[in-house]
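Observations on the model geometry
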Amino acid sequence: MMTTARLTLLLLPLLLSAPPALADILIGAAAPLSGPYAGLGEQLRRGVQAAVEDLNATGGIKGEKLAVQFADDGCDPRKAIDAATSFVSAGVKAVIGHYCSGASIPASKVYQKAGILQISPASTNPKFTDEGGWNVIRLVPRDDAQAVAAAALVTDRFAGRKLAVVSDQTAAFTALANRFTAALQQRGVTPALQLSFKAGAKDFGSLAKQVAESGAGVVYLAGSYVEGGLIAQALRAAGSQAQIVSGDSLVTEDYGNQAKDAANGTLSTFTYDARKFPAAQGLVQRLRAADQNPEGFTLYAYAAVQALAAAVEATGTLDSTRLAEWLRGGNRFDTTVGPVSFDARGDLANPAIAWFKWVDGRYVEVDPRTLLPPVLDTTP
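What counts and how
- Residue numbers here run from 1 along each chain, matching the order of that chain's written sequence.
- It should be noted that, the model being predicted, local features are given only for residues of pLDDT at least 70 and side-chain atom pairs only at 80 or more, the latter also being counted only at that level, while totals for whole chains, interfaces and linings use all residues.
- Note: side-chain values were computed over all heavy atoms of the structure, leaving out hydrogens and water.
- Only DSSP runs of H or I covering at least 4 residues are called helices, and only runs of E covering at least 2 are called strands; the numbering of each starts at the N terminus.
- With C-alpha atoms as the basis for the radius of gyration, the globule rule is written as 2.2 Å multiplied by the number of residues raised to the power 0.38.
- To sort residues, take the accessible area from a 1.4 Å probe on protein chains only and compare it with the maximum for the residue type: under 20% means buried, over 50% means exposed, and anything in between is partly exposed.
- In what follows, residue pairs with any heavy atoms lying within 4.5 Å of each other are defined as contacts.
- Method for areas: the Shrake-Rupley scheme with a 1.4 Å probe, in which residue coverage is limited to the protein chains shown.
- Any pair of cysteine sulfurs within 2.5 Å is marked as a disulfide.
- For this analysis, a salt bridge means a side-chain nitrogen from Lys or Arg found within 4 Å of a carboxyl oxygen belonging to Asp or Glu.
- Buriedness for pockets is judged along seven lines, at least five of which must meet protein on both sides within 12 Å for an open set on the 1 Å grid over protein atoms alone, while cavities are sets there where a 1.4 Å probe fits but cannot get out, and lining residues have an atom within 4 Å of a point.
- Grid points are joined across faces, edges and corners, and a volume is the space filled by probe spheres set on the points.
- Residue type decides the class: Asp, Glu, Lys and Arg count as charged, Ala, Val, Leu, Ile, Met, Phe, Trp, Tyr, Cys and Pro as nonpolar, and the leftover types, Gly among them, as polar.
- Confidence of the predictor in every single residue is expressed as pLDDT, which spans 0 to 100.
- Buried Ala, Val, Leu, Ile, Met, Phe, Trp, Tyr and Cys residues that are joined via side-chain atoms within 4.5 Å together make up what is termed a nonpolar core.
- Strands qualify as paired when DSSP identifies two bridges or more between them.
- Axis definition: a line fit to C-alpha positions, over the contact stretch in the case of helices; interaxial angles, taken between N-to-C directions, run 0 to 180 degrees.

1. Some details on the overall build of the protein
- Looking only at helices and strands, one finds 13 helices and 14 strands in the protein.
- A compact globule built from 380 residues would reach a C-alpha radius of gyration of about 21 Å, and the protein, at 23 Å, matches this within 12%.
- Judged by the C-alpha coordinates and their principal axes, the protein covers about 90 × 55 × 40 Å.
- Burial status across the protein gives 52% buried among its 380 residues.
- Here the contacts in the protein between residues at least 6 apart in sequence split such that 66% fall between residues at least 24 apart.
- Summed over its atoms, the accessible surface of the protein is roughly 16,900 Å², and 53% of this surface lies on carbon and sulfur atoms.

Set out below in structure tokens:
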């Protein structure tokens, strides 16, 4: 029988001449790929995978191919830290993600210490960049921008109606609800009712009854599509026809699947629907041809990879410090979601807020001016 030592000697030349198992540039991508938020995590996974495949098909970045390692963080802070630690051990050059702010924020500390750039296409909590290190970038408008826009619309369009603010108890949605309430108060409006619920709850009969009995005509809902759909159904079952207003978490088909007819009329803030952008048409068609829905954050995840590629091409390096400096330096570059640039904090330089309305089981982008009451013509 051949000894282990002799077999090793015979195989050594083959091992030394074999191509590397991984691509030249390894990146990480983290999102909730299982559990209640898996539908949202799939958007990030889909967008990143498509971007990596498209870049590699055209030669990669500066002639080097990309490989991506995905991690399931479940939108859980502890799992996010575990995922971040695994990325560091694997030697990733940058991370796209995480999806949830509650995962992005603790993970960013791990990446900062390890010297790794983090670009999130979905985390909206202001703390991500306000309290983050030099290494964080986000490709979506912050919650405070969305909350201010929502407060302006509510006070203009639904003036005189009682307001209820309903949020789950997670840090991100609590912050969104608080910012919305603060923006209301700056306009001289105080909510008639403020309620919170635990993420993962199933029964919202009592909450819906309180809202209905309060006489609230508008409900600002700060929570995920999972509970959001159940709350919408519970409100209608309780007899409340209050206008539901929310952030970007309800701009997904999963909300409609959960809320069913109760979703109709819901208004949500988000960035503009990139599926309509001229620069995105080729990608949108390819994804749809592959039976993949380019909704929600899919195209923004794709653009996050493009941001990394633009920084590497411009600086000629994979050093995260230099990449972050270039991205935060206001440099403008093209992506599938249009031209993008970031400020010194890592936020979008010119965030744009769009409005979406659920109509007949789907969400459509609407002009906020059409949601406002007509201005009376007082011309004699």
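2. Section: the state of the cysteines
- Taken as a whole and assessed by the stated rule, the structure comprises one disulfide.
- Here Cys-75 engages in a disulfide with Cys-100; their sulfurs sit 1.7 Å apart. Handedness of the Cys-75-Cys-100 disulfide follows from its S-S torsion of about 50°: it is right-handed. Residue Cys-75 is found in the loop between strand 2 (66-72) and helix 3 (77-90), and its partner Cys-100 is found in the loop between strand 3 (94-96) and helix 4 (101-114); the two are separated by 25 residues along the sequence.
- On the basis of relative accessible area, Cys-75 is assigned to the buried category, the value being 16%.

3. Considering the pattern of salt bridges
- Taken as a whole, this structure holds 11 salt bridges when the rule is applied.
- Taking the shortest distance from any N to any O, the salt bridge between Arg-45 and Glu-42 comes out at 2.9 Å. Taken as a pair, Arg-45 and Glu-42 lie in helix 2 (residues 38-57) at a separation of three residues, close to a single helical turn.
- Overall, the relative accessible area of 25% leaves Glu-42 in the partly exposed class.
- Put simply, Arg-286 and Asp-54 hold a salt bridge, and the shortest N to O gap is 2.4 Å.

4. A few points about the layout of surface pockets
- The space that makes up the largest pocket amounts to roughly 520 Å³.
- At the level of elements, helix 4, helix 6 (143-157) and helix 7 (171-186) are the ones that each hand at least two residues to the lining of the largest pocket.
- Considering each element in turn, the lining of the largest pocket owes the most residues, four residues, to helix 7.
- For the lining of the largest pocket, the per-class residue count stands at 13 nonpolar, 10 polar and four charged.
- In this model, the second largest pocket occupies a volume close to 310 Å³.
- Residue lining of the second largest pocket: 16 residues in total, with Val-337, Pro-339, Val-340, Leu-348 and Asn-350 positioned closest to the centre.
- The dominant element in the lining of the second largest pocket, judged by the number of residues it contributes, is strand 12 (residues 338-340), at three residues.
- Each residue belonging to the lining of the second largest pocket can be placed in one class, and the counts come to 11 nonpolar, four polar and one charged.

5. Topic: the confidence of the model for the protein
- Averaged over all residues, the pLDDT of the protein equals 90, while 92% of them reach at least 70.
- Confidence drops under pLDDT 50 across residues 1-23; counting only partners more than four residues distant or on other chains, this segment forms five contacts.
- Across residues 374-380, confidence stays below pLDDT 50; counting only partners more than four residues off in sequence or on other chains, it has zero contacts.

6. What to know about the nonpolar core
- In terms of nonpolar packing, the biggest core is built from 84 residues, with Leu-117, Ile-119, Val-166, Val-211, Tyr-255 and Leu-327 touching the most fellow members.
- Top contributing element to this core by residue count: helix 12 (residues 298-315), with 13 residues.
- In this structure, Leu-153, Leu-184, Ala-222 and Val-245 belong to the second largest nonpolar core, which totals 22 residues.

7. Section: the sheet that holds strand 5 (residues 136-138)
- Read across the sheet, five strands follow the order 2-1-3-4-5 without closing on themselves; strand pairing throughout is parallel. Across the chains shown, the open sheet's two edge strands, defined by having one partner strand only, are strand 2 and strand 5. When the angles between neighbouring strand axes are averaged without regard to direction, this sheet yields 20°.
- Together, strand 1 (25-31), strand 2 and strand 3 form the strand contacts of helix 2, whose direction differs from that of strand 2 by roughly 170°.
- Its contacts with the sheet put helix 13 (residues 320-327) on strand 4 (117-120) and strand 5, and the angle it makes with strand 4 is roughly 40°.

8. A few points about the sheet that holds strand 8 (residues 218-222)
- The strand order 7-6-8-9-10-13-14 describes an open sheet built from seven strands, whose pairing is mixed. One side of each edge strand has no neighbouring strand; the edge strands of this open sheet are strand 7 (193-197) and strand 14 (362-366). When the angles between neighbouring strand axes are averaged without regard to direction, this sheet yields 25°.
- In this sheet, strand 14 lies alongside strand 13 (residues 354-359) in antiparallel orientation, the contact comprising five bridges. Bridged to Lys-357 within strand 14 is Val-364.
- Where helix 8 (residues 205-214) meets the sheet, its contacts fall on strand 6 (163-168), strand 7 and strand 8, and the angle it forms with strand 7 comes to roughly 175°.

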